[in-house]
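If you want the building blocks of each chain, they are given just below.
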Amino acid sequence: MRLYIYCLADTLIHLENSGNGVGGKGVESVELEEFVVVISRVEEEIVAATRETILAHDRVVRAAMKDTTPLPFRFGTAVTQESLASYLNARRKSLVERFAEIRDCVEMSVKIIRPTDSQLDPSHAAMSTLDSAKPGTAFLVAKRRALLGEESLTEQAGEIAGQLSARMKGVVKREQVTLQPTQKLVIAAAFLVRRSDELEYKRELAAFRQERPELHFLTSGPWPPYSFANIDLEFKSHFGVS
Amino acid sequence: MSSPFDQVLIGSDVQLTDESELSLLETLDHVLNRGLVIAGEITIAVADVDLIFVGLNVLISSVETANEVLRERERRGIAAVSPAKQAADQ
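Model, not experiment: these values are computed from the prediction.

*Asks:* Any chance you could explain the pattern of salt bridges here in plain terms?
*Replies:* Two side chains of opposite charge can pair, provided their charged atoms sit close to one another. Residues and elements named next belong to chain A. One pass over the full model with this rule turns up 17 salt bridges over all chains. When the shortest N-O distance is used, the salt bridge between E34 and R92 registers 3.6 Å. Residue E34 is located in the loop between β2 (28-32) and β3 (35-42), and its partner R92 is located in helix α3 (residues 92-102); the two are separated by 58 residues in the primary sequence. By relative accessible area, E34 is classed as exposed at 68%. A relative accessible area of 24% places R92 in the partly exposed class. Between E200 and R203 there is a salt bridge, with its nearest N and O atoms 2.8 Å apart. Taken together, the positions of E200 and R203, both in helix α5 (residues 198-211) and three residues apart, correspond to about one turn of that helix. By relative accessible area, which is 31% here, E200 ends up partly exposed.

*Asks:* Mind showing me how you'd approach unusual backbone geometry here?
*Replies:* Comment: phi is negative for the bulk of residues other than glycine, and the bulk of peptide bonds are trans. Residues and elements named next belong to chain A. A cis amide bond links G221 to the next residue, P222, at an omega of 5°. Along the chain, P222 turns up in strand β9 (residues 216-223). We note that E34 has phi near 70°; this positive angle belongs to a residue other than glycine. At D104, a residue that is not glycine, the phi angle is positive and equals roughly 60°. Residue position: D104 is located in the loop between α3 and β6 (105-113).

*Asks:* Sorry if this is basic, but what is going on with the side chain of T27 of chain B here?
*Replies:* Mapped onto the secondary structure, T27 of chain B falls in helix α1 (residues 21-33). Take T27 of chain B: its relative accessible area is 7%, and that puts it in the buried class. What T27 of chain B contacts, discounting residues up to four positions off in sequence, is I54, L55, D58 and W223 of chain A together with L32 of chain B.

*Asks:* Before we go on, may I ask you to explain helix α2 (residues 81-90) of chain A in this structure?
*Replies:* Each α-helix turn comprises 3.6 residues. Residues three or four places apart therefore point the same way. All names here are of chain A. When α2 is considered as a whole, its buried residues turn out to be L84, A85, Y87 and L88. One face of α2 carries all of its buried residues, which in axial projection span an arc of 160°. Packed against the buried residues of α2 are β1 (2-9), β2, β3, β5 (78-79) and α3.

Cut-offs and rules
- Residues numbered from 1 in each chain as written.
- Chains lettered and ligands numbered in written order.
- Predicted model: local features only at pLDDT ≥ 70, side-chain atom pairs only at ≥ 80, totals over all residues.
- Heavy atoms only, no water.
- Salt bridge = Lys/Arg side-chain N within 4 Å of Asp/Glu carboxyl O.
- Helix = DSSP H or I, 4+ residues; strand = E, 2+ residues; numbered from the N terminus.
- Buried < 20%, exposed > 50% of the residue type's maximum accessible area, 1.4 Å probe, protein only.
- Contact = heavy atoms within 4.5 Å.
- Arc of directions from axis to C-beta.

And the structure:
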């Protein structure tokens, strides 16, 4: 028997729909090592990732959000009770600190998408200049253009990220910004926002969108603080594991 | 290689307010890529790659995450075999 873990809390959680876990399993909140863990009891080591199970995981974490701000676990965490107790015991200090940081906060997500006509891509302007060049020259020119374009895009992504951070500075507690996480995304940002500042956050973001109408935005939230939950790096550095 | 977002976000300008395909993708991005991860003892003893992470998330998570893991393994010169097999071989 393993415990499939949804999230961890530092206060009691009242779960209304106890049969809505992964695979239709019941959901319980149990006290362990001074924490409250929201779990389902499962037989399998690996819970299959399907649309239903993934949505169930998020649904349970969101339900816990009604009572408190939990630390969400990544999908698929199924461990023995002994392993979980050991984990909680070894990382108590980091977890308590993390709870203090995320208390009464939510995560808001912003992804900025590169426009399809690539107004951000200056290499396009030079595209027609050497169409009639010899194949070798054309290859080198294309290569150079790609390199210059990539550098320029990274620079512009940094500039946009800087502007976004400056705009949101007063209304967010923490931020995680990734520049160009994929080819079509300029930046992916996660903001930790106090629940009381959510409206102000949305106003500031709307203002930023108006300032940069050429950019496409995908905004979502509020989320449980998935992006601000992990303490793994601190643990590894503490124990010198590499 | 690309993340699931590349397939649907071209030219989009979307504010999510309810259940939709995009909100599912956002959910995938959060639930599969982020959150607390329990690093088991085998992981710590063999490499800094979580067995659960490799066995589950890489196969069904974003390509970006899988690439990160593979790049890190390559950087460390770890052969492309599972941590479990490495542990067994030792």
